[in-house]
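Observations on the model geometry
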Amino acid sequence: MTAKRDPAVAGDRRGTRRIDPNQDVSAAPGVQPTVTATITPWLGVVLAVILLSGALFGYDQGVVSGALTSIKAEFSLSALLVEVVTSWVTLGALFGALVGGELADRLGRQRAVLIAGVVFTVGSLVEALAPGTVVLVGGRLIVGFGVGIAAVAAPLYAAELAPTALRGRFISAYQLAVAGGIFVAYLVDGWLSQAGAWRWMLGLSAAPGLMLVGVALLAPQSPRWLMRMGRRADAASQMRKIHPGADPGPALDAIAATLAADHGRASWAEVFGTQWRRPLLVGVGLAVFQQITGINAIIYYADQIFQAAGFTTQAAQTTVTTWAVGGVNVAATFIAIAFIDRLGRRKLLLAGLPGMALSLAAVGAAFEFTIGGSAAHPAATSTAGIVTLAALVVFIACFAFSMGPVVWTVINEIFPGHIRGRAVAVATACNWASAFIVSQVFLSLIDVLGNSFTFWLFGAFCALGWIWIFYAVPETKGRSLEQIQQLWKYSGPNHAG
């Protein structure tokens, strides 16, 4: 008699099990589900840590757009130095991400976030008080270092403390806070740009840094990290604090079983080894595609893009940047918050990228066929400005519900606990490296290729990203972190999982 095969689990020639990447599961073999999804006061503190970590990054990311004109005038910066001042925060974040993984593993996620808040606050004050370009760039590097640590530790913290049913929303809240920080920064730019008060623009970023320090001092520690440190009693105490009334035993037993199978903390060789190569490639691939589709170039250089599109006054550039980029970014991120745990990660990613590609194609067409003739036909400038504005609104909206929050969610879900800190650090560092390259060469690309072909290049990366995600990225909705780890073990080596 031949047994029936589960259509979601198929055997390959080596006898390993393959799991359908689109399958919505709530259980995996031998793994207990986590505690129920209830927002308790201590989970509210966890959420505050996540939101402030994202807000400090978002504010610094957005405020530079309005500060550049005044900085350039005061320090007589060349185009190259403008790119350095803009992009070197991402270089600092790259190194901060690598260090952040080690800090999160050795000291815990909560303490790593605390350190990030301190570093960011110091960097904000350095750049605000900078007497010259060298100190300003140094301050940007320090700020970036703090952002990089937070970008690793905060989503890790969210992934490990959030209930399974709410994990996507908790991690997506980080990106929502990034978008909110950008929006607030644009409002501050609009308020202070006429006075050229760039030092106040940059210095105000110390506020979310100080608030993060205060909240992180109160925040609970990750039970999963405590279990990995052999502190089960402390883990149970933290679990009861976060989920009062729930029995922490089954969840801690599942974590303990997974840790026992993992044989302790992983070396760097294991992080890059063959066993976990597939999730590492997924994490790194998502991190890179998030940046090479052009989001940071548009956010950093929004004023310059709209200036080229016909918004000639500083007030017009600031207004359109604030609402078309900042406001839409915040509003559309709520789509991800609402649907990431309902529709799943893959569906949002695959829905957003086509809209991003088409909108970038439209921006390129506006520069190629309308703005190019604006000198001869002044009315063309307003037409191009409207087309560019509408297309970038679509781009930002599609990014905000897909490649923005969903990428961070998946990166922080897919790795097993013993390599999670280091593996997330690698993926995050690749994200910052890609952001650095894109922001560093964006103006140069425009000089060499022109506006049109630069935006078309970003659009081509969106199309390529859609194809890769379709074949490589699994659905993680409805699975606990331990279940996701089992997914990689049971899947065939050449399957999306």
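These remarks concern the structure in this document.

**What about the overall build of the protein?**
- Helix and strand content of the protein: 20 helices and two strands.
- Looking at the protein as a whole, 61% of its 497 residues qualify as buried.
- If you take every contact in the protein between residues at least 6 apart in sequence, the share linking residues at least 24 apart comes to 84%.

**Quick look at the packing of helix 12 (residues 277-292) against helix 19 (residues 417-472)**
- Where helix 12 contacts helix 19, the axes come no closer than 2 Å and their chain directions differ by 25°. Considering their axes alone, helix 12 and helix 19 lie roughly parallel with respect to each other.
- Looking at side-chain class alone, the contact of helix 12 with helix 19 contains 21 nonpolar, seven polar and no charged residues.

**What to know about unusual backbone geometry**
- Its identity is not glycine, yet S76 carries a phi of approximately 50°, on the positive side.
- Mapping S76 onto the fold places it in the loop between helix 1 (41-75) and helix 2 (79-106).
- Its relative accessible area of 62% is what places S76 among the exposed residues.

**Some points on a nonpolar patch on the surface**
- Together, V448, L449, F453 and L457 give the surface a local cluster of nonpolar side chains, amounting to about 370 Å² of exposed area.
- Along the chain, the position of V448 falls in helix 19.
- Note on V448: relative accessible area 68%, which makes it exposed.

**Some remarks on the nonpolar core**
- Residues M403, W432, F442 and F455 are the most contacted members of the largest nonpolar core, which totals 116 residues.
- Here this core gets 17 residues from one element, more than from any other, and that element is helix 19.
- Residues contacting M403, with those up to four places away along its chain left out, are L286, F289, Q290, L349, L353, M356, C398 and I469.
- With 21 residues, the next largest nonpolar core counts F75, L77, V84 and A130 among its residues.

**Details of the packing of aromatic side chains**
- For the coordinates displayed, the defined rule picks out twelve aromatic pairs.
- Here the aromatic cluster, defined as three or more aromatic residues joined through ring pairs, consists of F367, F442, F455 and F458.
- Above the ring of W42, the side-chain terminus of K241 is found at 4.5 Å from the ring centroid.
- If you follow R346 out to its NZ or CZ, it ends over the ring of F470, 5.8 Å from the centre.

**Points about the state of the cysteines**
- Summed over all chains, the structure comprises zero disulfides.
- The thiol of C398 is not disulfide-bonded; the next cysteine sulfur, from C462, is found 9.3 Å away.
- Assessed through its relative accessible area of 11%, C398 is described here as buried.

**Some words on empty space enclosed by the protein**
- Evaluated as defined, the whole model comprises five cavities of 30 Å³ or more.
- Roughly 140 Å³ of volume is contained in the largest cavity.
- Contributing to the lining of the largest cavity are 16 residues, with F57, Q61, Q175, N296 and F399 lying nearest its centre.
- Looking at the lining of the largest cavity, the elements that each hand over two or more residues are helix 1, helix 5 (167-192), helix 12, helix 13 (295-300) and helix 19.
- Partitioning the lining of the largest cavity into residue classes produces eight nonpolar, eight polar and no charged.

**Focus: the packing of helix 2 against helix 4 (residues 133-161)**
- Two elements in contact, helix 2 and helix 4, have axes separated by 5 Å at closest approach and are oriented at 40°. Classed by the angle they form, the pair helix 2 and helix 4 counts as oblique. Handedness of the helix 2/helix 4 crossing: right-handed.
- Considered class by class, the residues forming the contact of helix 2 with helix 4 number 20 nonpolar, eight polar and one charged.

**Side note on the environment of F453**
- Relative to the assigned elements, F453 resides in helix 19.
- Residue class for F453 comes out partly exposed when judged on its relative accessible area of 46%.
- Distance from F453 to G364, taken between C-alpha atoms, is 6.5 Å for residues 89 residues apart in sequence.

**What to know about helix 9 (residues 232-242)**
- Along helix 9, the positions that sit buried rather than exposed are A235, A236, Q238, M239 and I242. Each buried residue of helix 9 lies within a common arc of 165° when the element is viewed along its axis, so the set occupies one face.

**Observations concerning the layout of surface pockets**
- Here the largest pocket defines a volume of roughly 240 Å³.
- In terms of lining residues, the largest pocket is bounded by twelve residues, among which T69, K72, V82, Q304 and Q307 are the most central.
- Secondary structure elements with two or more residues in the lining of the largest pocket: helix 1, helix 2, helix 14 (302-308) and helix 15 (314-339).
- Residue classes in the lining of the largest pocket are distributed as four nonpolar, six polar and two charged.
- For the second largest pocket, the calculated volume is near 190 Å³.
- In terms of lining, the second largest pocket is formed by 13 residues, of which the most central are Q304, L443, I446, D447 and N451.
- Looking at the lining of the second largest pocket, the elements with two or more residues in it are helix 2, helix 14 and helix 19.
- Of the residues that constitute the lining of the second largest pocket, the class distribution is seven nonpolar, four polar and two charged.

**Details of the environment of S172**
- Tracing the chain through its elements places S172 in helix 5.
- Residue S172 is classed as buried on the basis of its relative accessible area of 0%.
- A sequence separation of 17 residues divides S172 from P155, and the C-alpha atoms of the two residues are 8.5 Å apart.
- Ignoring any residue separated from it by four or fewer positions in sequence, one finds S172 in contact with T333, I337, I340, P405 and T409.
- Within polar-contact distance, the side chain of S172 engages the side chain of T409 at 3.4 Å.

About the thresholds
Residues numbered from 1 in each chain as written. Predicted model: local features only at pLDDT ≥ 70, side-chain atom pairs only at ≥ 80, totals over all residues. Heavy atoms only, no water. Helix = DSSP H or I, 4+ residues; strand = E, 2+ residues; numbered from the N terminus. Buried < 20%, exposed > 50% of the residue type's maximum accessible area, 1.4 Å probe, protein only. Contact = heavy atoms within 4.5 Å. Axes fitted to C-alpha atoms, helices over the stretch in contact; angles between N-to-C directions. Parallel < 35°, antiparallel > 145°, perpendicular 65-115°, else oblique. Nonpolar A, V, L, I, M, F, W, Y, C, P; charged D, E, K, R; others polar. Patch = residues over 30% accessible without salt bridge, like charges linked within 9 Å, V, L, I, M, F, W, Y side chains within 5 Å. Areas by Shrake-Rupley, 256 points an atom, 1.4 Å probe, with all protein chains shown as cover. Salt bridge = Lys/Arg side-chain N within 4 Å of Asp/Glu carboxyl O. Core = buried A, V, L, I, M, F, W, Y, C linked by side-chain atoms within 4.5 Å. Phe/Tyr/Trp six-rings, centres within 6.5 Å; stacked < 30°, edge-to-face > 60°. Lys NZ or Arg CZ within 6 Å of the ring centre and 35° of its normal. Disulfide = S-S within 2.5 Å. 1 Å grid on protein atoms, 1.4 Å probe; cavity = no way out; pocket = protein on both sides within 12 Å on 5 of 7 lines; lining within 4 Å. Points joined across faces, edges and corners; volume = space filled by probe spheres on them. Left-handed = near helix turned anticlockwise from the far one by under 90°. Arc of directions from axis to C-beta. Polar contact = N/O pair within 3.5 Å; in protein donor to acceptor, adjacent residues only side chain to side chain.

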